[in-house]
Amino acid sequence: MTNEAIQEGNPSDHFAVFSSQNSKFKYTYNKIREVTSHRVGDLFSAYRDILWDDGRHKYNVSSFIGEIDEILLGERFSAFDQSTLDNLIGTLRQRGNSNATINRKMAALSKLLRKAHKMGDIHSLPEFRRQKERAGRIRFLERDEEARLFAAIKSRSEDAYRLSVFLVDSGCRLGEALGLIWNDIQEHRVSFWITKSGRSRTIPMTERVKEVIKLPATEGRRPKGPFTKLSQAQFRAIWNDAKAEVGLGADDQVVPHILRHTCASRLVQGGIDIRRVQMWLGHQTLSMTMRYAHLATNDLDGCVIVLETPRCSGSDSAAAKPDSSPCAVIQERKSEPVAAKAKVRKSAKSQ
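Residue numbers here run from 1 along each chain, matching the order of that chain's written sequence. It should be noted that, the model being predicted, local features are given only for residues of pLDDT at least 70 and side-chain atom pairs only at 80 or more, the latter also being counted only at that level, while totals for whole chains, interfaces and linings use all residues. Processing note: side-chain calculations cover all non-hydrogen atoms of the structure and skip hydrogens and water entirely.

### Focus: the packing of aromatic side chains
- By convention, a stacked pair of Phe, Tyr or Trp rings (six-membered ring in the case of Trp) has centres within 6.5 Å and planes under 30 degrees apart, an edge-to-face pair has planes over 60 apart, and any other such pair is tilted. Counted according to the given criterion, the structure contains six aromatic pairs.
- Ring geometry for Phe-166 against Phe-192: centres 6.3 Å apart, planes inclined by 65°, an arrangement best described as edge-to-face. Here Phe-166 is found in helix α7 (residues 158-170), whereas its partner Phe-192 is found in strand β4 (residues 189-192), with 26 residues between them in sequence.
- Among the aromatic residues, ring-to-ring pairing joins Phe-166, Phe-192 and Phe-227 into one connected group. Helix numbers and strand numbers start at the N terminus; a helix is a DSSP run of H or I with at least 4 residues, a strand a run of E with at least 2.

Take a look at the structure:
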């Protein structure tokens, strides 16, 4: 094939052939997509329904992306470089965002940019580094606080009271409870299918939960689920009024999610191991459940005995009474297995 023939060829054929006296080359090429510039808000509009399910989390992500787009002044880009990301994080920190909040916002941005990169909308990505989060104090309700708060909620709404009891005894998230349908409740167990982690779980119900999922006898059509009469906004409004009435209005940690913390804390304090608490709460990783591990202090009680026991010296042990000295008690406990083994050997020889 001559060079003139090659030049006259149709480029849409997607191949070209070059020949010479000694060699012949053939190569193919595909269509190359042009990378255009986009705003963060444009990318979110394009992919939000693909990346996030409808619900409160999607609403929060929408708020995060909107703030990021505002910080970037609506700038259009075809590549999101590292300096842009670093400046963005710095601005969020100047606005008073904690590292935990920054991590949540960056997780949403990272998910969006990775999708845009995969689809060819942008051609480079920065490195997202997780900010170090400080372990904060976990607030949970004492029994008397729960009683006062729930009484105030019940005086306002029977449905909100039933939901509150369900949340504190099941440890589920508010959205998980509101999304329950009757088919999710079988005998003594309840299954959560719509979860934050995307993993379903089934847990047994307490006696209180068995009672509150029963709807009062009323006329009219049966609702789709035990708590579908309420919306998140309605429940939060009732909650805020009730907590103000019982003197907890100034405590910004007393939000509906505190019932999940309360359930987890009671499980750990009651001696349930961390792995089972993780399964009960539906945490995706064990590290999330480890926030409650410091409440499991029963395993450390033996340390106090060791620290309070005086050292055993020869003179102390000689002067002390055998039946009252802590050292003697420890020595007696240590010798018990040895004495038992000797007794077994003696019995074996006699046979």
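### What to know about the confidence of the model for the protein chain
- A score between 0 and 100, pLDDT records how confident the predictor is in each residue. Per-residue confidence for the protein chain averages 82 on the pLDDT scale, and 77% of its residues sit at or above 70.
- Residue contacts follow a heavy-atom distance rule, with two residues in contact if any of their heavy atoms lie within 4.5 Å. Segment residues 11-20 is flagged for pLDDT under 50; beyond a separation of four residues in sequence, or across chains, it makes 23 contacts in the model.

### Details of unusual backbone geometry
- Of note in the backbone geometry, Leu-73 takes a positive phi value of approximately 60° without being a glycine.
- Along the chain, the position of Leu-73 falls in the loop between α3 (56-71) and α4 (82-94).
- Residue classification places Leu-73 among the exposed residues on the basis of a relative accessible area of 76%.
- In this structure, Glu-187 is a non-glycine residue whose phi angle is positive, near 55°.
- Following the sequence through the fold, Glu-187 ends up in the loop between β3 (185-186) and β4.
- The classification of residues rests on relative accessible area computed with a 1.4 Å probe and restricted to protein chains. Under 20% of the type maximum is buried, over 50% is exposed, and intermediate values are partly exposed. The class of Glu-187 is exposed, set by a relative accessible area of 74%.

### Regarding the sheet that holds β4
- Read across the open sheet, the three strands follow the order β3-β4-β5; overall the sheet is antiparallel. The open sheet has two edge strands with one neighbour each: β3 and β5 (201-204).
- Pairing of β3 with β4, which is carried by two bridges, proceeds in the antiparallel orientation. Its bridge partner lying in β4, Ile-185 is registered against Val-190. Any two strands with at least two DSSP-identified bridges between them are counted as paired.

### Focus: the pattern of salt bridges
- Any carboxyl oxygen of Asp or Glu that lies within 4 Å of a side-chain nitrogen of Lys or Arg is treated as forming a salt bridge with it. Counted according to the given criterion, the structure contains 20 salt bridges.
- The partner of Glu-67 in a salt bridge is Arg-95, and the shortest N-O contact between them spans 3.3 Å. Of the two residues, Glu-67 sits in helix α3 while Arg-95 sits in the loop between α4 and α5 (99-118), which places them 28 residues apart along the sequence.
- In the salt-bridge network here, residues are joined through shared partners; they are Glu-67, Glu-70, Arg-95 and Lys-105.

### Concerning the pairing of β5
- Here β5 shows one buried face, formed by Arg-201 and Ile-203, and one open face, formed by Thr-202 and Pro-204.
- As defined by bridge partners, β4 adjoins β5 across four bridges and the pair is classed as antiparallel. Bridging from a neighbouring strand, Phe-192 pairs with Arg-201 of β5.

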